[in-house]
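# Commentary on secondary and tertiary structure
Below are the chains, spelled out letter by letter.
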Amino acid sequence: MPRKSPPSRNKSRRAAGRKAAWSGRFAEPVSERVKRYTASVGFDRRLAAEDIRGSLAHARMLCAAGIITRRDLAAIERGMKTISREIEAGKFAWSLDDEDVHRNIERRLTALAGDAGKRLHTARSRNDQVATDVRLWLRGELDGIVALLAALRRALASLALEHAALIMPGFTHMQVAQPVTFGHHLLAYCEMFGRDLQRLVDGRKRLNQLPLGAGALAGTTFPIRRDRVARELGFEGICANSIDAVSDRDFAIEFCAGAAVAMMHLSRFSEELVLWMSPRFGFISLPDRFCTGSSMMPQKKNPDVPELARGKTARVYGDLMALLTLMKGQPLTYNKDNQEDKEPLFDAVDTLRETLAIFVEMVPGIGVHPQRMLAAAREGYATATDLADYLVKKGVPFRDAHEAVARAVRHAESAGCELAGLPLADLRSFSPAIGADVRRVLTLEGSVGARKHPGGTAPAQVRAAARRVLRQTT
Ligand code: ARG
């Protein structure tokens, strides 16, 4: 994952001697070691665009409320434009002396806009500022991730539609259980990713509340207009309590929890892709561009992408655990601990986004091997339940039917054939209720076709379900 390297020590040494914003209170400058330990600019500069957006909305509100003049506002807007350009061009001089993204930008603004720059921080603290920046940033990332989840569902549903009638073995306990269609199996993942999407969208409304105006913790004595700032920044409302506003990181935890569940689903899918493309299964193949070779064994084609997705799931769980643990011991309100929220959150966002993006590309490239799937479905007496159901429909109690079929399976096993391969007379020896019409029941096509209720694996149901997902995701 991209991690911005902290600014060089040389640069910070050159800048030493600059006056820190709180220096009036201190008898000596902070030690270099402490400076490096406490600085966050190495990673939180990623929030620069949101920091500037939030500052501009704050400044416009200050002006509208008569707290700063139009001239000051104009100078702030001009300065911020320059700063944005410098950052985009990679020319902004990030400095460790200014600790974090907020102070770096404010320092540069003051250099460009003079006293107007110094007035920007009126009625604001870095505590409500950082909470606002992180919410703004996460909202944008969340929207991108929701779009990727929709795209992945679409890719899965298209493949499911194509293979709505393709028979494969369904498994329980990793053993062949009952025949299903490949399309039906893929749509199970559409359901999972659909829930993941809804979870994130649901969390978005709690995320999308404005902390600014809370000040350091107790609010401010200035006649601020929080609703105005909220509207300008696209927040649905304002955080109702200033103490909660600066200390709450639930939104980040909720996002990471949703990300962890989504990664869990991606990991299960990955696990199946790895199994299915192993030569023992041979159900699918992945395009070469998603595989890698071995440095020693020339014949190998390894499913590195799904394996890594499975592996990266671990770090997203770690990110969630880090945030939960970060918050559990903090008394209200803001504590510097909170600065540690960013790297886990960034990592969870990056990992989920990149994993989803690669799956969106990979899924349409899945190559399917129908003969291998069919052969595997034939191996495990997958229609035994259908035979038992058939007997029940002829009046045999289910438990007796279960027992009769179990004995028939044992017989077929020793005869080395599938149930459909046994002569009718043999089958009848296990239950006289069996008639010639049993043949239809014992075929794989008959088995899946009979499960035609909503949620079932019958090809017609699978097609309808796939189309529903395709309609939802356009
Ligand atoms: N860099 C800090 C953070 O990420 C900004 C808030 C600092 N506030 C403070 N009172 N030290 O949390």
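Quick note: structure is the one above.
Scoring rules and cut-offs
Residues numbered from 1 in each chain as written. Predicted model: local features only at pLDDT ≥ 70, side-chain atom pairs only at ≥ 80, totals over all residues. Heavy atoms only, no water. Helix = DSSP H or I, 4+ residues; strand = E, 2+ residues; numbered from the N terminus. Expected span 1.5 Å × (residues − 1). Buried < 20%, exposed > 50% of the residue type's maximum accessible area, 1.4 Å probe, protein only. Contact = heavy atoms within 4.5 Å. Pairing = 2+ DSSP bridges. Polar contact = N/O pair within 3.5 Å; in protein donor to acceptor, adjacent residues only side chain to side chain. Near = heavy atom within 4 Å. Areas by Shrake-Rupley, 256 points an atom, 1.4 Å probe, with all protein chains shown as cover. Nonpolar A, V, L, I, M, F, W, Y, C, P; charged D, E, K, R; others polar. Phe/Tyr/Trp six-rings, centres within 6.5 Å; stacked < 30°, edge-to-face > 60°. Lys NZ or Arg CZ within 6 Å of the ring centre and 35° of its normal.

### Remarks on helix α6 (residues 101–113)
Counted at 1.5 Å a residue, the expected span for α6 with its 13 residues is 18 Å, and the 18 Å between its end C-alpha atoms agrees. Along α6, the residues that are buried comprise Val101, His102, Arg103, Asn104, Ile105, Leu109, Thr110 and Ala113. Where the residues of α6 are buried, they touch α3 (41–44), α4 (48–64), α5 (70–88), α7 (115–119) and α8 (126–162). Of the residues flanking the end of α6, it is glycine 114, one or two places downstream, whose phi is positive at about 60°.

### A closer look at the pairing of strand β1 (residues 167–172)
Put simply, side chains in a regular strand alternate between the two faces of the sheet. Where β1 meets strand β2 (residues 175–181), six bridges bridge the pair, whose relative direction is antiparallel. Residue methionine 168 lies in a different strand from β2, and its bridge partner there is valine 180. Between β1 and the antiparallel strand that follows it, β2, lie two residues; histidine 173 among them carries a positive phi value of about 55°.

### Observations concerning helix α16 (residues 384–393)
All of the buried residues in α16 are Ala384, Asp386, Leu387, Ala388, Tyr390 and Leu391. Here the buried face of α16 lies against α17 (398–415), α18 (424–428), α19 (438–442) and α20 (444–450). Trailing α16 by a residue or two, glycine 395 shows a phi angle of about 105°, which is positive.

### Focus on the side chain of arginine 353
Mapped onto the elements, arginine 353 comes out in helix α14 (residues 342–362). A polar contact of 3.1 Å, which involves the side chain of arginine 353, links it to the side chain of aspartate 350.

### Side note on the site of the ligand
Every residue near the ligand is listed here: Ser40, Asp44, Asp100, His102, Arg126, Asn127, Val130, Tyr334, Gln339 and Lys342. Measuring from a nitrogen atom of the ligand, one finds a side-chain N or O atom of serine 40 at 3.4 Å. Arginine 126 is positioned with one of its side-chain polar atoms (N or O) 3.5 Å from a nitrogen atom of the ligand. Coverage of the ligand by the protein chains reaches 87% of its 340 Å² of free accessible surface. Sorting elements by how many residues they give to the shell around the ligand places α8 first, with three residues. Grouping the constituent residues of the shell around the ligand by class yields two nonpolar, four polar and four charged.

### Section: the packing of aromatic side chains
Applying the stated criterion across every chain yields a total of eight aromatic pairs. On the basis of an interplanar angle of 45° and a centroid distance of 4.6 Å, the ring pair of tyrosine 189 and phenylalanine 269 is categorised as tilted. On the criterion of sequence distance, the pair formed by tyrosine 189 in helix α9 (residues 182–207) and phenylalanine 269 in helix α12 (residues 250–277) is long-range, its members being 80 residues apart. An identical accessibility class is assigned to tyrosine 189 and phenylalanine 269; each is buried. What links up through ring pairs into an aromatic cluster is the set Tyr189, Phe193, Phe269 and Phe359. The ring of phenylalanine 346 carries the charged tip of arginine 46 above its face, separated from the ring centre by 4.9 Å. The ring of phenylalanine 235 carries arginine 139 above its face, with NZ or CZ at 5.3 Å from the centroid.

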